[in-house]
Amino acid sequence: EDDFQFICCEGCRKESPNLKLLTCLHTLCLSCLSKNKSVGHCPMCQTAIPQANGIPDIDNLLFTNLQARLEIYKEVIDGVDLFCGNCKKAGEFWCPECEEFLCTRCFEAHQHYLKRESHKAMRVMDIRAGSAKEFLKGTKKTGNLFCSKPTHKSQIVSIYCKTCKRALCCSCALLDSHHAVFCDIPSETQRRQEELSTICRRLQQKRRGLEATYTGLQAEAARLERGQLEMRELIHQRVEQLVGLLRREEEELLGLVEAGQEQGRRELSRELERVEGVLRRMEAGERLVEKMNLYATDQEVMDMQPFIKDSLEELQQLQLPVAGDRTQPGDLAECRARLRAL
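Residue positions within a chain follow its written sequence, with the count starting from 1. Totals for whole chains, interfaces and linings use all residues, but because this is a predicted model, local features are given only for residues with pLDDT of at least 70 and pairs of side-chain atoms are given and counted only at 80 or more. Excluding hydrogens and water, the side-chain figures rest on all heavy atoms present in the structure.

Identification of the chain as PML protein from Nycticryphes semicollaris is taken from an unreviewed UniProt entry.

Take a look at the structure:
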């Protein structure tokens, strides 16, 4: 089966009776072509499909016929339903021209009446003993081509006209004066095969050059990939180094800020405590004066008033700093300069 995977659709890898040959020489079934119709390109090589509907005009008759012949080979190997096409007895022979199984009696009649028609029937036992390749070679038909002219449909074409480049029957060749240079069909078939082989040999030389180019492109792609990986690694290393430097700079700047601000915090703390104490004294003084006005006797006023007065006047004479006038503690100019440098 591995030897004949080439007869399957190259898209879905399945056998199909509707195989189409694209201009890029890939073979796809109608199902794969229909799925790819909106794209309009061969899914194997991305070559544009020239047909507007995305379905090529030419059938891959070679692959389709090989599928049919291999199906016969499978039937012979499996030994299922091998009946004579004439009398329905057990089939002992296979005629590739008639495409029928024959029993021994019908085979003898077949050989008697069709001996001049080059029908070479094969023994079923010989087919089973041989390989699929041998079977396909043995059943390779020379084929009878019939004339395309409606009035000559029963005429077998055996002549090829090189002028109009088509096959003709003897009647067409004799009656049509436009036809000039003739050859027989087998000669033209051989010429076409040789022509294809010559083109293939030339393509093989070109292919070697393309393969060398492809190898060079692959090497260039690999170099680009390596260069990218190396640069990514280098960038990663450099960034890690920079991150390490920034972290160390961060620690130094934070230490500098901490050291510079520590003294300012101590001074502010003492200032806050002093202001808090003065506020408490003022609150106590206001509260004491209020209570004296409400409840103090003359004797109490006379005895306490001078002391309270002195204390209140002392509070009044205190010079306390105003918020916003005071110089900010600590000098952050060095930190700001280093941050700008970063």
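Caption draft 1: Quick look at the overall build of the chain. The helix and strand tally for the chain stands at 9 helices and 10 strands. Against the globule reference of 20 Å for 342 residues, the chain gives a C-alpha radius of gyration of 53 Å, more extended than a compact globule. Evaluated residue by residue, the chain yields a buried proportion of 23% over its 342 residues. Expressed as a percentage of contacts within the chain between residues at least 6 apart in sequence, the contacts between residues at least 24 apart total 43%. Each accessible area is a Shrake-Rupley result for a 1.4 Å probe, and residues are judged covered by the shown protein chains and nothing else. When the accessible surface of the chain is summed, it comes to about 25,700 Å², and 54% of that surface belongs to carbon and sulfur atoms. We score Asp and Glu as negative and Lys and Arg as positive, and we do not count His or the chain ends. The atom standing in for a charge is NZ when the residue is Lys, CZ when it is Arg, CG when it is Asp and CD when it is Glu. Considering the chain, the positive charge centre built from 50 side chains and the negative charge centre built from 52 side chains are found 17 Å apart. Only DSSP runs of H or I reaching four residues or more are called helices, and only runs of E reaching two or more are called strands; each is numbered from the N terminus. Our radius of gyration looks at C-alpha atoms and nothing else; its globule reference is 2.2 Å times the residue count to the power 0.38. We call a residue buried when its accessible area falls under 20% of the maximum for its residue type, exposed when it is over 50%, and partly exposed in between, using a 1.4 Å probe and counting protein chains only. The contact criterion used is simple: two residues touch if any of their non-hydrogen atoms lie within 4.5 Å.

Caption draft 2: Focus on the pattern of salt bridges. The rule for a salt bridge is simple: a side-chain nitrogen of Lys or Arg has to be within 4 Å of a carboxyl oxygen of Asp or Glu. All told, the structure shown has 16 salt bridges when counted by the stated rule. Note that R191 and E188 form a salt bridge whose closest N and O atoms lie 2.7 Å from each other. Here R191 pairs with E188, and both are found in helix α7 (residues 185–295), just 3 residues apart, close to one helical turn. We classify R191 as partly exposed; its relative accessible area is 36%. The partner of E271 in a salt bridge is R274, and the shortest N-O contact between them spans 3.9 Å. On the criterion of helical spacing, the pair formed by E271 and R274 is a turn pair, its members being 3 residues apart in helix α7. Take R274: its relative accessible area is 40%, and that puts it in the partly exposed class. One salt-bridge network, in which partners are shared between bridges, spans E188, R191, R192 and E195.

Caption draft 3: Highlighting the domain arrangement of the chain. Boundaries between domains were set according to an automatic or database domain assignment. Segmenting the chain into domains produces domain 1 (145–180) and domain 2 (206–318). Measuring from the centre of the C-alpha atoms in domain 1 to the corresponding centre in domain 2 gives 104 Å.

Caption draft 4: Broad picture of the packing of α7 against helix α8 (residues 298–317). Relative to each other, α7 and α8 sit at 155 degrees, their axes nearing to 11 Å. In terms of their interaxial angle, α7 and α8 are classed as roughly antiparallel. In this structure, α7 crosses over α8, and the sense of that crossing is left-handed. Of the residues in α8, those in contact with V278, R281, M282, G285, L288, V289, M292 and Y295 of α7 are E300, V301, M304, I308, S311, L312, E314 and L315. Residues were grouped as follows: Ala, Val, Leu, Ile, Met, Phe, Trp, Tyr, Cys and Pro as nonpolar; Asp, Glu, Lys and Arg as charged; and all remaining residues, including Gly, as polar. Its residues assigned to classes, the contact of α7 with α8 comprises 11 nonpolar, 2 polar and 3 charged. What counts as an axis is a line fitted to C-alpha atoms, over the stretch in contact for a helix, and the angles between N-to-C directions run from 0 to 180 degrees. When an angle is under 35 degrees it counts as roughly parallel; over 145 it counts as roughly antiparallel; between 65 and 115 it counts as roughly perpendicular; any other value is oblique. It is the rotation of the near helix from the far one that decides the hand of a crossing: anticlockwise by less than a right angle makes it left-handed, clockwise makes it right-handed.

Caption draft 5: Structural detail: the sheet that holds strand β4 (residues 100–102). One requirement defines pairing of two strands: DSSP has to find at least two bridges between them. Sheet architecture is open: 3 strands sit in the order β4-β3-β5, paired in antiparallel fashion. Both edges of this open sheet fall to β4 and β5 (122–123), since each of them pairs with a single strand only. Inspection of the sheet shows strand β3 (residues 93–95) paired to β5 by 2 bridges, in the antiparallel sense. Bridging across to β5, F93 finds its partner in R123.

Caption draft 6: The arrangement of a nonpolar patch on the surface in detail. Taken together, the side chains of M231, L234, I235, V239 and V243 define a hydrophobic patch exposed on the protein surface, amounting to about 390 Å² of accessible area. In this structure, L234 sits in helix α7. We classify L234 as partly exposed; its relative accessible area is 32%. In this scheme, patches are assembled from residues that exceed 30% relative accessible area and form no salt bridge. Like charges are connected within 9 Å, while nonpolar side chains (Val, Leu, Ile, Met, Phe, Trp, Tyr) are connected within 5 Å.

Caption draft 7: The arrangement of the nonpolar core in detail. Working definition of a nonpolar core: buried Ala, Val, Leu, Ile, Met, Phe, Trp, Tyr and Cys residues. They are joined through side-chain atoms within 4.5 Å. The biggest cluster of nonpolar side chains holds 28 residues, and the ones touching the most others in it are L22, F101, I127 and F135. Among the secondary structure elements, those contributing two or more residues to this core are β2 (27–29), α1 (30–35), α2 (61–78), α4 (124–129) and α5 (132–138). Beyond its immediate stretch of four places on either side in the chain, F101 contacts I72, E75, V76, L82, F83, C84, G85, G91, F93, W94 and V124. The next biggest cluster of nonpolar side chains, apart from the first, holds 8 residues, and it includes C147, C161, C169 and A173.

Caption draft 8: Fine view of a negative patch on the surface. Together, E71, E75, D78 and D81 make up a region of like negative charge exposed at the surface. Secondary-structure assignment places E71 in helix α2. Since its relative accessible area comes to 38%, E71 is described here as partly exposed.

Caption draft 9: Structural view of the side chain of T27. As for its placement among the helices and strands, T27 is situated in strand β2. Among the polar contacts listed, one links the side chain of T27 to the side chain of N60, at a separation of 2.8 Å. If near-sequence neighbours (up to four positions away) are discounted, T27 is found in contact with C9, E10, L19, K20, L21, N60 and F63. As used in this structure description, the phrase polar contact means that two N or O atoms lie within 3.5 Å; if the pair is within protein, one of them must be able to donate a hydrogen and the other to accept it, and residues adjacent in sequence are counted only when both atoms belong to side chains.

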